[in-house]
Every structure is written in C-alpha cells, then in structure tokens.
Amino acid sequence: YGDYAFHTEAINQIRNVIHKTRALDLESLVIKIGELIWCLKSEIVILNNDGGLIEAMNLALVTSLLSTKIQGPRGLRPLVLHHLPIAITFGIFEPHLIFTDPNVIEASVMKGSITIFGNALGELCGIYKNGGIPLRQTSINAVIEQAIEIVKIWHVEIMNQMGPN
C-alpha cells in the first residue's frame, strides 16, 4: 500500500502506546541478566485499504504478541502482557459530527481524525489527533467514553478468538 507517511505514523502510534503504557513486560524478555534478551520484530504489510488501518495494524500486533511463545528455562512460554491497548479511530466531519471507523472514501473528505487507545480495564492509553478542526473538551470526552466501550467489547472478542491458552 502506497501511503508510507500514514503507515509510518500508525506504526509509531502503536509502538508508543505499547511502550509508554508498559503493556509488554520487557523484563520477561531477559534470557540472562545483563547479557542476553529476546528481541521482537513485527512486520506489517498492507495489501489493501478500505479504512480502519490503524485498528487492523494494532489488532494484528497485539494478537501476534498474545500468540507468541519464547524459549524460557523450562521450555516455551508466552510473552507477559499486562494489558492490550486497542485503537479506535473516529472521523471528524464537523465539530458536532464525529463517527467511528471511517472508510477510505469518508477519510478522503473528513476534516480530521482522532484515534483513542484504551484497554479492557477502561483505562485511556493514548490519544492521537491528526490536526484538522478543533474539538471541544466535551466532544473529546464523549469520544473517549465511546472508544472505551468498544475496546471492552473487542477485548472480549479477542480473548474468545485466542482461546484458553
């Protein structure tokens, strides 16, 4: 997919949220203190865009982290994740007209966007607004509240899809 600037910005947002909220326990990557650690690399390739790229990239990364096993002293073990930051993007058309998950056509005419990262505990993990038209604090609060409710639903679905392990 050709929008390199968007791809880079989305990756940076996801990486920053996972790092700054300490979602992934970095100490669990230590093999030998002071000498060896596991280095994780994730590569996301976008084949098509009909909107929802940040959400798709975010879900791909967190579910891959959930399913990754690393070698430990007693065999394979899962990565230690304290929580899953999940992204929800809202398209802004007017200060009072904001809706979730704009597709690529809607994104081409919207006047801004705001991406909220939250977790199943109802915690706000990050907010990224791309500029565009300003929003009132009441609108931002409403968007955060709606995003957290969606995040809780998505978290349950992710856990159901991942199974008991």
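The following paragraphs examine the structure supplied in this document. Note that the structure is predicted; figures quoted are calculated from it, not measured. (Residues numbered from 1 in each chain as written. Predicted model: local features only at pLDDT ≥ 70, side-chain atom pairs only at ≥ 80, totals over all residues. Heavy atoms only, no water.)

1. Comments concerning the overall build of the chain
Regarding its fold elements, the chain presents four helices and eight strands. Starting at the N terminus and ending at the C terminus, the chain contains elements arranged as α-β-β-α-β-β-β-β-α-β-β-α. Each principal axis of the C-alpha atoms in the chain carries an extent, and together these give about 55 × 35 × 30 Å. As displayed, the chain offers around 10200 Å² of accessible surface, 57% of which is attributable to carbon and sulfur atoms. Looking at charge distribution, the chain has the averaged site of its 12 positive side-chain charges lying 9 Å from that of its 15 negative ones. (Helix = DSSP H or I, 4+ residues; strand = E, 2+ residues; numbered from the N terminus. Areas by Shrake-Rupley, 256 points an atom, 1.4 Å probe, with all protein chains shown as cover. Lys, Arg positive; Asp, Glu negative; His and termini not counted. Charge placed at Lys NZ, Arg CZ, Asp CG, Glu CD.)

2. Quick notes on the packing of helix α1 (residues 4-20) against helix α2 (residues 53-67)
The interhelical angle for the contact between α1 and α2, taken along N-to-C directions, is 45°, at an axis separation of 10 Å. One way to sum up the angle between α1 and α2 is to call them oblique. Seen from above, α1 lies across α2 with right-handed handedness. Residues Phe 6, His 7, Ala 10, Ile 11, Gln 13, Ile 14 and Ile 18 of α1 form the contact with α2, whose own contacting residues are Leu 53, Ile 54, Met 57, Asn 58, Leu 61, Val 62 and Leu 65. When its residues are assigned to classes, the contact of α1 with α2 shows 11 nonpolar, three polar and no charged. (Axes fitted to C-alpha atoms, helices over the stretch in contact; angles between N-to-C directions. Parallel < 35°, antiparallel > 145°, perpendicular 65-115°, else oblique. Left-handed = near helix turned anticlockwise from the far one by under 90°. Contact = heavy atoms within 4.5 Å. Nonpolar A, V, L, I, M, F, W, Y, C, P; charged D, E, K, R; others polar.)

3. Let's talk about the nonpolar core
Formed by 36 residues in total, the largest nonpolar core has its most connected members in Ile 18, Phe 90, Ile 116 and Phe 117. Breaking this core down by element, the ones donating at least two residues are α1, α2, β5 (86-94), β7 (112-118) and α4 (137-162). Setting aside chain neighbours within four positions, we find Phe 90 in contact with Ile 98, Phe 99, Thr 100, Pro 102, Gly 112, Ser 113, Ile 114, Ile 116, Val 143, Gln 146 and Ala 147. (Core = buried A, V, L, I, M, F, W, Y, C linked by side-chain atoms within 4.5 Å. Buried < 20%, exposed > 50% of the residue type's maximum accessible area, 1.4 Å probe, protein only.)

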